[in-house]
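# Structural overview
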Amino acid sequence: MPAVASRPSGAAGAAGLPTRSLGAAAAASLAVVVYSYLQHRRAAEKARKSMALASALSAVSMRSLRGGQWASDDEREQRFDRDAPHFPVSLAGKASGARTAGNGKPSAGKLDRAFLQQLRALVRILIPSMASKEVAIIAMHAAFLVLRTWLSVVVAELDGKIVKHLVRGQGRKFLAGLLSWFAIAIPATYTNSMIRFLESKLALAFRTRLTQYVHDLYLNDNLSYYKLLALDSRIANPDQFITTDVARFCSKLALFLSNLGKPTLDTIIFNIQLIRGVGLQGTIGMFAMYMATASLLRAWTPAFGRMAAAHAELEGEFRANHARLITNAEEIAFYRGEQREAEQLRFSLRRLLRHARSVARRKISHVVLEDMVIKYTWSAFGYLVCALPFFLRPGALPARAADGGGGYRTQHFITNRRILVNLSDAGGRMMYSIKEIMELTGYTSRVYSLISTLHALRRDEYEQPEEEEEDGARKPPEFSLRCIQGSVYEDIDGIRLAGVPIVAPSADPSIGGELLVHPLTWEVRRGQHWMIAGPNGVGKTSVLRVLSGLWPAFAGVVERPEPSEICYIPQRPYLSLGSLRDQVIYPHTCEQMQALGRTDDELMEVLHVVHLAYLPAREGGFDARKEWKDVLSGGEKQRINLARLFYHLPRFAVLDECTSAVSADVEGLMYEHAKRLGITLITISHRPALYKYHTFLLRLGVGETLSTPAAAAHTSSDGEQHSPYVPSSSGGDDDDDDSDEQSATTSRAQSILTES
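Residues numbered from 1 in each chain as written. Predicted model: local features only at pLDDT ≥ 70, side-chain atom pairs only at ≥ 80, totals over all residues. Heavy atoms only, no water.

Below, the discussion takes up the pairing of strand E9 (residues 696–701). Judged by how many residues are buried, E9 sits mostly within the fold: six of six residues are covered. Alternating positions in E9 separate into two faces, Phe 696, Leu 698 and Leu 700 on one and Leu 697, Arg 699 and Gly 701 on the other, with burial throughout. Here strand E4 (residues 530–533) pairs with E9 via four bridges, running parallel. Across the sheet, residue Ala 533 finds its bridge partner in E9, namely Arg 699. (Buried < 20%, exposed > 50% of the residue type's maximum accessible area, 1.4 Å probe, protein only. Helix = DSSP H or I, 4+ residues; strand = E, 2+ residues; numbered from the N terminus. Pairing = 2+ DSSP bridges.)

Pasting the structure below:
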C-alpha cells in the first residue's frame, strides 16, 4: 500500500472546513442576522418617536411675537464659536471649485494636506460626539463588513469542498455541500442588503446634520443669506452648494467607508488565508505586483477631483439660468425675450457638455489601463500563484491517485483561486476607490468653501483682494467692506442716524462702494411720520437698506428699535409657500399664532381693513394652499403685505413704495388706520399725494439733502412738486474755489430738522 503523504500545517487551514464548523458558521450568521434585524426595528421605532416629539415641540422652539429667541440660540452660537477656528478662509482659498480672489478661477482639488484638514473640519460637524447616532451606524456597518468578509472565506472553502466531492464522486457529500451553500446564502444576501442599507442611512444622517448646520449659518439674524448673495462674490450659486454639493459629498463620504474600508479588511484577511494556502513567497509577490500596478494607475489617473468640482459649478450655472427664466417668465414674455434667453441657455449648456465630453475622453485611456490591470493582469498572476504549490512543492500535497488525491489537489486550487479572486476584487475596488476619493476631494473643497465663507460672514469678514493677501501694506479703497467703522445699536424708542453715509457696497474687493448720499444726520421720534422723497436713483431705498442692516454703516452711528418693534415692507411683495393664513401672519407660523392667542377672526378684521375680506371665501378659506404669487393680483399682493403690518403691530414701519398698485382711496384709509394704531410711518415714495399723511419730509437729491415739514411741501396745478427752500450755496458754481466746494460739501452733509 503506497504511503500517504501527510498534509503540511500551512495547507491545513485552507484545505477545508469540517461539517460541524460549517454548521456553526451558519448558526452564528443567523444569530447575527436576527440580532441586527431586532436592532434595526428598535432604531426605526426610536426614530419615529423622535420625529413625533420634534413635531410636538416645534411650536415651543419658535420665536415669540416680540422677537424672542430660539431656546438653543446660545448653544448654537457657542458651537459656531468653537468651530470657527477650524474653518479658516485661507484654507478655503485652496478649495476646488471655490472662487479665489482676483481671477475667480477654481483651483485644483488634490489628495493633499489641505484636503485632510478640510475633511477633518467637516467630520467635526458630521460626527459631533462618540455618542451620536452616526457612530452607531458606522459601528453596525463595520460589523456587517467583517461578517461579509468572514462569509467570503467560508464560501471559498466550501467551493473547494464541493468541487472535491464532485471530482471524487461522493454524491451525498456533494449534496450536503450544496445544502450548506444555500444555508450560507441566507445570511450572505441579508448581509449585502444591510450593508447597502446602512450606507444609505449613513449618507442621509450625514446630509441631515450637515444641511441643518449650513441652514443655521445661512439663515440667521446676521442676514448671512443676503450678504452671501449681495455683498460677497466667493460663492456663486449657493443653492447649488447647499442642495447638490452637500448631498453628493455626504453620499461619497458614506460610500468611501465601504469602498475603501471593506477592500482593506478583505485584503488583510485574504492575505492571511493566502499565506496559509500558497505560502509567504506567493503572497509577497502578489503584494509587490499590487503596489507596482497601483503606482502606475495613480500616476495615470486624471484629476477627477478638479473635474467633479468644475462639473458641479457648470451644473449650478445651467440650473441658475433655468431658475432665472422661471422666476422672470412674465417679464420675459412681455419683452418677447425667449430667443435671447434660449441663446444664454444654449451657451451654458454648451459649456457643460464640452466639459462632460472632455472628461469622457480623458477617462478612456484610464479605463482601458484600469481594466487591463485589474481584470486581466491580476487574474493571470493569481493563476500563477495558485499553481506554484503544485509545481514547486509537489511532495507537500496528496499524491494518492488511486485514493482520490486529485480531489485534494482540486480542492486546494479552487479554494486558493477563490481567495485570490476575492483578493483581486478587493484590490480592484481599492483602485476604483482612488477615483472616488479624487471626486470626494472636489466636493469636500466646495462644501468647506461654503461653510468657511458663512463663518467669515458671521464675523462680518468679507473677501480680500489677491494683491492684499500677498502684500498686506496695500491701502484698501474707500468704502471697502473691509473698512466698516460705523456702529449700530438697537436700544432706543426711535430712529437716529448720525453722520452715516449712504453707500452702495461693492462685492468686488478691489474697488470700493459708491457714495449715494453724503453723511446723513436724521432723527425720527415716536409719532413723527416721515416721508423720504427724491428723484429715481438718488438713494431713497438705500436709506432703508442701511437702516435695516442689509447694507453696512461705513461711518457714524445708527440707532434703531429692537427688531420686533420695527417692520420693513419692501417695494416688491413677497408671498411665501403655505396657506392663506400663512401669507397674513408671515413670518410667523400657525403654531406661533395659536400660542399667542390670535384667532382667524382677528385675521378677518385685518383683511377688512385692507379691503381683502373677500379672499377667504374666494380662495377656499384660510387653510387653502396655492401658488399665491400667481393667484393674487398686484394690488392684492401689496395689500397682503400691509395686512402683515396690521397683524404684527410694530411701533415703527418703513414703507418702500408698497402702495403703488393700490387705489388712492384705499391707500388713504390704510395710512389713517396705521396712524390710529400708533404706528409711526416712514414712507419712501416720490408721489406728492402721500405728503398729507406725514409730518416731515426728507428730500434727497443731487447736491442737497433737506428735511422740511411735510405740510410746507405743496403741489402746483400740473402736479409738479416745489420745495419751499431756495437751493443754498451747497450746490456751488463751477467757478467756485476749493474752499467753497469744501463748504458746500459740509453744508450738504447736514439734515435740517424742523418741527411742524
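Before going further, it helps to spend a moment on helix H16 (residues 540–548). Burial runs high along H16: seven of the nine residues are buried. Inspection of H16 places Lys 540, Ser 542, Val 543, Leu 544, Val 546, Leu 547 and Ser 548 among the buried residues, and these make up the whole buried set. Positioned one or two residues after H16, Gly 549 has a phi angle of 95°, which is positive.

Our focus in this paragraph is the pairing of strand E8 (residues 680–684). Each regular strand shows side chains that alternate between the opposite faces of the sheet. With five of its five residues buried, E8 lies for the most part within the structure. Residues of E8 alternate between two faces, with Thr 680, Ile 682 and Ile 684 on one and Leu 681 and Thr 683 on the opposite face, all of them buried. Bridging between E4 and E8 involves three bridges; their strand directions are parallel. Opposite Met 531, over in E8, you have Thr 683 as the bridge partner. Examined bridge by bridge, strand E7 (residues 652–656) and E8 share five bridges and lie parallel to one another. Following the sheet pairing, Val 654 is matched in E8 by Ile 682. Regarding topology, helix H23 (residues 664–676) serves as the crossover connection from E7 to the parallel E8, and that connection is right-handed. (Right-handed = clockwise from strand over helix to strand, strands pointing away.)

With that out of the way, let us pick up the nonpolar core. Residues Leu 210, Phe 249, Ile 451 and Trp 522 are the most contacted members of the largest nonpolar core, which totals 84 residues. In terms of residue count, helix H7 (residues 171–218) provides more of this core than any other element does, 14 residues in total. Once residues lying within four places of it in the same chain are set aside, the contact partners of Ile 451 are Phe 87, Leu 122, Ile 125, Leu 210, Tyr 213, Val 214 and Leu 217. Judged by nonpolar contacts, the second largest core, of 39 residues, contains Val 584, Phe 622, Phe 646 and Leu 697. (Core = buried A, V, L, I, M, F, W, Y, C linked by side-chain atoms within 4.5 Å. Contact = heavy atoms within 4.5 Å.)

The subject of this paragraph is the pattern of salt bridges. Tallied over the full model, the rule gives 26 salt bridges. A salt bridge links Asp 83 to Arg 124, with the shortest nitrogen-to-oxygen separation between them at 3.1 Å. Separated by 41 residues along the polypeptide, Asp 83 in helix H3 (residues 73–83) and Arg 124 in helix H5 (residues 113–126) bring together distant segments of the chain. For Arg 124, a relative accessible area of 33% puts it in the partly exposed group. Among the ionic pairs, Lys 629 bridges to Asp 630, the shortest N-O distance being 3.4 Å. Judged by its relative accessible area of 55%, Asp 630 is exposed. (Salt bridge = Lys/Arg side-chain N within 4 Å of Asp/Glu carboxyl O.)

Now for unusual backbone geometry. Generally, phi is negative for residues other than glycine and the peptide bonds are trans, each holding for most cases. Of note, the bond from Tyr 586 into Pro 587 is cis; its omega dihedral lies within 30 degrees of zero at 10°. By the element assignment, Pro 587 lies in the loop between helix H17 (580–585) and helix H18 (590–595). One non-glycine residue with positive phi stands out, namely Phe 479, at about 60°. Relative to the assigned elements, Phe 479 resides in the loop between helix H15 (466–470) and strand E1 (487–489). The phi dihedral of Glu 657 falls on the positive side, at around 50°, and the residue is not glycine.

What follows concerns a nonpolar patch on the surface. On the surface, a nonpolar cluster with roughly 390 Å² of combined accessible area is contributed by Leu 175, Leu 178, Trp 181 and Phe 182. Checked against the element boundaries, Leu 175 lands in helix H7. Taking the relative accessible area as the measure of exposure, Leu 175 reaches 52% and is therefore exposed. (Patch = residues over 30% accessible without salt bridge, like charges linked within 9 Å, V, L, I, M, F, W, Y side chains within 5 Å. Areas by Shrake-Rupley, 256 points an atom, 1.4 Å probe, with all protein chains shown as cover.)

We now examine the side chain of Glu 523. With respect to the helices, strands and loops of the structure, Glu 523 is situated in strand E3 (residues 514–525). Of note is the side chain of Glu 523, whose polar atom sits 3.3 Å from the side chain of Arg 496. (Polar contact = N/O pair within 3.5 Å; in protein donor to acceptor, adjacent residues only side chain to side chain.)

Scope: geometric values only; no functional claims are made or implied.
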